[in-house]
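# Coordinates in review
The lines below spell out each chain.
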Amino acid sequence: MVGLDNPDVELDILYEINGLAGRLPEWVRSFVSFVGEYGIPVGLVVLVGIGWLLVRRRPDAPAAVAGVLWAGGAAAVARLVNIPISEFVARPRPFVDHPDLDVLVEGKHGWSFVSDHASAAMAIAVALFLVHRVLGLIAFALALTQGFARVFVAVHYPTDVVGGFALGMAVALLLAPLAMAALTPLVRLLSNTRGLGWLAVAPAPAVASVAGQPAAPAAGTGGAGGTGRPEPHPAPSGSGLAA
């Protein structure tokens, strides 16, 4: 296994960000620690759920839902890929080599490079962005906040976070074609079953127009005026009926 040197500039950044903790009230320190450890991951999961609700009725519902599912899958794959990477690099946590840091999250074990939190957050952000731009941008903001929080609580070096971002982005983008090729038919199949029809509901196709005429209104909508009653038609001339 190899070690990873700590450049002075990185230590300067680490101490500068972690040093903010000593100048903040205790409740702010606790809040940032909680948000970085639990709040943002939960928020990203909620975003994935919202993404599913927003895309499940789109015209491309099976592919869109598959993309949302890939957001969660990409986070899981990124964490799995990180296992051999962290074992190979074998970088100790920053507070191990620098005990004067103000550690706000206790009980952290394992290697420091790369940050699991950062890689999972960025994987979700990138995958969501491919499906829904607004949710993707929100997820990007949460991922960046996640990275800052990991340095703030002194459980990761800045390059651990940058490496996590790179890993999450690479997994989400490079494996997306393979994931979509597998997930889209699966979603389409499941959504056609009685029990899972709610998974992806594509809108019903519009009634085709005939000879350039407007499509017939749906039952119960009526014609002009929306009364729902058929419009009277004048009797044809010469029919023998009184005018």
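Scroll up a little and you will see the structure.
Described below are features of the structure shown in this document.

### Side note on the overall build of the protein
The helix and strand inventory of the protein stands at eight helices and zero strands. Across the protein, helices and strands are ordered from the amino to the carboxyl terminus as α-α-α-α-α-α-α-α. Each of the 243 residues in the protein was classed as buried or not, and the buried ones make up 38%. Taking the contacts inside the protein whose residues are at least 6 apart along the sequence as the reference set, 76% of them involve residues at least 24 apart.

### What about unusual backbone geometry?
Following Phe 113, the chain continues to Val 114 via a peptide bond in cis, the omega torsion being -5 degrees. Position of Val 114 relative to the elements: it lies in the loop between α4 (94–97) and α5 (116–131). Here the phi dihedral of Ala 90 falls at roughly 55 degrees; this positive angle occurs in a residue that is not glycine. Among the structural elements, Ala 90 can be located in the loop between α3 (61–89) and α4. Unlike most non-glycine residues, Ala 154 shows phi in positive territory, near 70 degrees.

### Comments concerning helix α8 (residues 176–191)
The first and last C-alpha atoms of α8 sit 21 Å apart over 16 residues, in line with the 22 Å expected at 1.5 Å per residue. Within α8 the residues assigned to the buried category are Ala 176, Ala 179, Leu 183, Thr 184, Val 187 and Ser 191. The inward-facing, buried residues of α8 contact α3, α5 and α7 (158–174).

### Re the side chain of Ser 33
Inspection of the secondary structure assignment puts Ser 33 in helix α2 (residues 26–55). A polar contact is formed between the side chain of Ser 33 and the backbone oxygen of Arg 29, at a distance of 2.8 Å. Non-local contacts of Ser 33, meaning those with residues more than four positions away in its chain, are made with Leu 104, Val 105 and Val 153.

### Points about the nonpolar core
Leu 44, Trp 70, Leu 128 and Phe 152 are the most contacted members of the largest nonpolar core, which has 58 residues in total. Residue assignment for this core shows that the elements contributing at least two residues are α1 (8–19), α2, α3, α5, α6 (133–152), α7 and α8. Here Leu 128 is in contact with Leu 47, Val 48, Ala 71, Leu 135, Gly 136 and Ala 139, once residues within four sequence places are set aside.

Conventions adopted
- Residues numbered from 1 in each chain as written.
- Predicted model: local features only at pLDDT ≥ 70, side-chain atom pairs only at ≥ 80, totals over all residues.
- Heavy atoms only, no water.
- Helix = DSSP H or I, 4+ residues; strand = E, 2+ residues; numbered from the N terminus.
- Buried < 20%, exposed > 50% of the residue type's maximum accessible area, 1.4 Å probe, protein only.
- Contact = heavy atoms within 4.5 Å.
- Expected span 1.5 Å × (residues − 1).
- Polar contact = N/O pair within 3.5 Å; in protein donor to acceptor, adjacent residues only side chain to side chain.
- Core = buried A, V, L, I, M, F, W, Y, C linked by side-chain atoms within 4.5 Å.

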